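Architecture and fold: a report
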Amino acid sequence: MAPVVARRRARQRVRILPLAGARSRSAEDWWWDRLAPSGSGYHLLQSDSMLLVLPGPGPARPRAQRRAARRAQLLRLRGARAAEAKAKPRTAPAPAPAPAPAPAPAPQQEPDPGWGDRIPLEILLQIFGLLVAADGPIPFLGRAARVCRRWHEAASQPALWHTLTLSPPLAGRPAKSGTKTEKKLLASLEWLMPSRFSQLQRLTLIHWKSQVHPVLKLVSESCPRLTFLKLSDCHGVTPDTLIMLAKACPQLHSLDIQHSMVESTAVVSFLEEAGPRMRKLWLTYSSQTTAVLGALLGSCCPQLQLLEPGPRSQVLRLLNLMWLPKPSGRAMTPGPGFPRLEELCLASSTCNFVSNEVLDRLLHSSPHLRLLDLRGCARITPAGLHDLPCQELEQLHLGLYGMSDRLTLAKEGSLLLTQKWCHTLQELDLSGQGFSEKDLEQALAAFSGTPGGSHLALSSLNLRGTRVTPGTVSSVISNCPGLLYLNLESCRCLPRGLKRAYRGPEEVQRCLQQLLTSLPPPSQLGSSSQPALP
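Residues numbered from 1 in each chain as written. Predicted model: local features only at pLDDT ≥ 70, side-chain atom pairs only at ≥ 80, totals over all residues. Heavy atoms only, no water.

1. Details of the overall build of the protein chain
- Looking only at helices and strands, one finds 18 helices and 16 strands in the protein chain.
- Taking as baseline every contact in the protein chain between residues at least 6 positions apart, the subset at least 24 positions apart corresponds to 73%. (Helix = DSSP H or I, 4+ residues; strand = E, 2+ residues; numbered from the N terminus. Contact = heavy atoms within 4.5 Å.)

2. Comments concerning a positive patch on the surface
- Where like charges cluster on the molecular surface, the positive patch consists of Arg202, Arg279, Lys280 and Arg340.
- With relative accessibility at 40%, the residue Arg279 sits in the partly exposed group. (Patch = residues over 30% accessible without salt bridge, like charges linked within 9 Å, V, L, I, M, F, W, Y side chains within 5 Å. Areas by Shrake-Rupley, 256 points an atom, 1.4 Å probe, with all protein chains shown as cover. Salt bridge = Lys/Arg side-chain N within 4 Å of Asp/Glu carboxyl O. Lys, Arg positive; Asp, Glu negative; His and termini not counted. Charge placed at Lys NZ, Arg CZ, Asp CG, Glu CD. Buried < 20%, exposed > 50% of the residue type's maximum accessible area, 1.4 Å probe, protein only.)

3. Concerning a nonpolar patch on the surface
- Judged by side-chain polarity, Ile123, Ile127 and Leu131 come together as a nonpolar surface patch covering roughly 230 Å² of accessible area.
- Relative to the helices and strands, Ile123 is located in helix H4 (residues 121-135).
- Look at Ile123 and you get partly exposed, because its relative accessible area is 42%.

4. Some words on the pairing of strand E4 (residues 202-206)
- With four bridges connecting them, strand E3 (residues 163-166) and E4 associate as parallel partners. The partner of Leu164 across the bridge, within E4, is Leu203. (Pairing = 2+ DSSP bridges.)

5. Things to note about the packing of helix H16 (residues 470-479) against helix H17 (residues 505-518)
- The interhelical angle for the contact between H16 and H17, taken along N-to-C directions, is 140°, at an axis separation of 10 Å. In terms of axis orientation, H16 runs oblique to H17. The two elements H16 and H17 cross, and the hand of that crossing is left-handed. Contacts between H16 and H17 involve Pro470, Val473, Ser474, Ile477 and Ser478 from the former and Val508, Gln509, Cys511, Leu512 and Leu515 from the latter. (Axes fitted to C-alpha atoms, helices over the stretch in contact; angles between N-to-C directions. Parallel < 35°, antiparallel > 145°, perpendicular 65-115°, else oblique. Left-handed = near helix turned anticlockwise from the far one by under 90°.)

6. Some details on the nonpolar core
- If you look at the biggest cluster of nonpolar residues, it comprises 112 residues, and the most contacted ones within it are Leu271, Leu359, Leu372 and Leu385.
- Tallying contributions element by element places helix H10 (residues 264-274) first for this core, with six residues.
- The residues touching Leu372, leaving out its near neighbours within four places in the chain, are Leu344, Leu359, Leu363, Leu385, Leu388, Leu393, Gln395, Leu396 and His397. (Core = buried A, V, L, I, M, F, W, Y, C linked by side-chain atoms within 4.5 Å.)

7. Digging into the packing of helix H8 (residues 212-222) against helix H9 (residues 239-248)
- Running from N to C, H8 and H9 point in directions that differ by 10°, and their axes come no closer than 9 Å. The angle between the axes of H8 and H9 places the two elements in the roughly parallel class. In this structure, the crossing between H8 and H9 has a hand that is left-handed. Of H9, the residues touching H8 (which contributes His213, Leu216, Lys217, Val219 and Ser220) are Thr241, Met244, Leu245 and Ala248.
- Within the contact of H8 with H9, the residues separate by chemical class into five nonpolar, three polar and one charged. (Nonpolar A, V, L, I, M, F, W, Y, C, P; charged D, E, K, R; others polar.)

8. Thoughts on the confidence of the model for the protein chain
- Mean pLDDT for the protein chain: 76, with 67% of residues reaching 70 or above.
- In the predicted structure, residues 14-23 sits below a pLDDT of 50 and forms three contacts with residues beyond four places in sequence or in another chain.
- Scored below 50 in pLDDT, residues 525-534 shows 13 contacts in the model against residues more than four places distant or in partner chains. (pLDDT = per-residue confidence, 0-100.)

9. Observations regarding the packing of aromatic side chains
- According to the stated counting rule, one finds four aromatic pairs in the structure shown.
- A ring pair is formed by Trp161 and Phe197, whose centres lie 5.6 Å apart and whose planes are at 55°; its orientation type is tilted. One end of the pair, Trp161, is in the loop between helix H6 (149-155) and E3; the other, Phe197, is in the loop between helix H7 (175-196) and E4, and 36 residues separate them in sequence. An identical accessibility class is assigned to Trp161 and Phe197; each is buried.
- Look at Phe228 and Trp282: their rings are 6.0 Å apart centre to centre, the planes differ by 85°, and that puts the pair in the edge-to-face class. Of this pair, Phe228 sits in strand E5 (residues 228-232) while Trp282 sits in strand E7 (residues 280-282), and the two are 54 residues apart along the sequence. Neither Phe228 nor Trp282 differs from the other in exposure class; each is buried.
- Following the ring pairs from residue to residue traces out a cluster consisting of Phe128, Phe140 and Trp151.
- Lying over the aromatic face of Phe228, Arg202 brings its terminal NZ or CZ to 4.1 Å of the ring centre. (Phe/Tyr/Trp six-rings, centres within 6.5 Å; stacked < 30°, edge-to-face > 60°. Lys NZ or Arg CZ within 6 Å of the ring centre and 35° of its normal.)

10. Observations concerning the pattern of salt bridges
- Counting across every chain of the model gives six salt bridges.
- A salt bridge links Lys209 to Asp233; the shortest N-O distance between them is 2.9 Å. Pair noted here: Lys209 is in the loop between E4 and H8 and Asp233 is in the loop between E5 and H9, with a separation of 24 residues, a long-range link.
- Exposure remark for Lys209: the relative accessible area of 33% places this residue in the partly exposed category.
- Overall, Asp233 belongs to the partly exposed group, its relative accessible area being 26%.

And the structure:
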């Protein structure tokens, strides 16, 4: 019985062992046949992170190729054995064996154009649109157009070329080679513009030195939907170029010419032509900025929302502006101004010529102004500020730093400022102003009158270098519980120990205690009229 069982187990082991050279079937092969079985009309395409099941005849799978190679090798081996048997001499003649049938030739499969050529054009446009929105049309669309005809058709759609940045290469190029590079790029643009850029909306030109006019001429001829133009580090922009662009692009409403060499006459001519539709304008401060601002103060740009220098909309910042208005023999009608302006900064480290008339031309239609920075504008008077239309000013900076000794300053009028904005002011800077002790006392007393128990918003007060008295300071601190910053440096009417800046509510309250202890009794206030020496 035992030998029979041993022989049976040996036969089972022989059946289980794979043949020499045979490959065991893996789970991947099982799923491969499961998803796209042979003869189903589908084939699989495997990439790094996905597995696609696509219709139509696909390329031969590696396993089928190996099977065909083994079958051909087996047929060749059988033919070689038959030839050897035929060549051996035999004792008895035997009839020649019938020749083995030749293997049928495998059907020639046409080359598969690939899965990308079978994707519908609409889906390709959506995919390309997402990539263009993230990284721009260049260089992706140029590379995608060389994949196949379907991709070339999709990449050539003008709807994908809505934003473009053109910059010649700068890697160590001399002046002559740079001009040649720009001309080569211009030659490519001559056939790209009509076929690709008919729906271009945003164009940026960077580092163009000699071919700006020809490029903008092509833009004016082929890009009627242009809305935004940026010229960065570009030379040779003439008035005729910008006027031509303004006439050919009726939807152009934003112009950025920062860091480019553009004459003020070109900008003024452009604003006169395209001013009614202009919304955003970026400039670089120079000696010619005044001419551009003079044009803006007229009625050429009624819809202007953003004017740089200035980091965000509804903001106008013109630091260290050398305002030199030209005298005019005839009366000028005021323009629309800036009705949406919320922040105006004309601060200067030196004396400038900004006057009440200039300020009125800028702000006569700005009722929503929240911040007004006029540091260094010594020609602005309290009466001129009182006539402004803004009623809810939150920050007012009138400090004069290092120039009050050389100017004749107004000694009265600070009451006009505090009476108008005492309930909305959060920051007030009067440093270096020449208001008298009595005028400052009356002005700062406006913060004590709170009809209806309204809360005062004052949190920062700069009185550096003024004639404020200890009694006035103590009254302001007592009436403004939210005061967080108080600067009393160089105040000649205060004791020596109090002439410093106080930051935080604890330091401000400590200043109040020191003031109360240093003040003389009420009986001596009438007899002591001399202020403390600095």
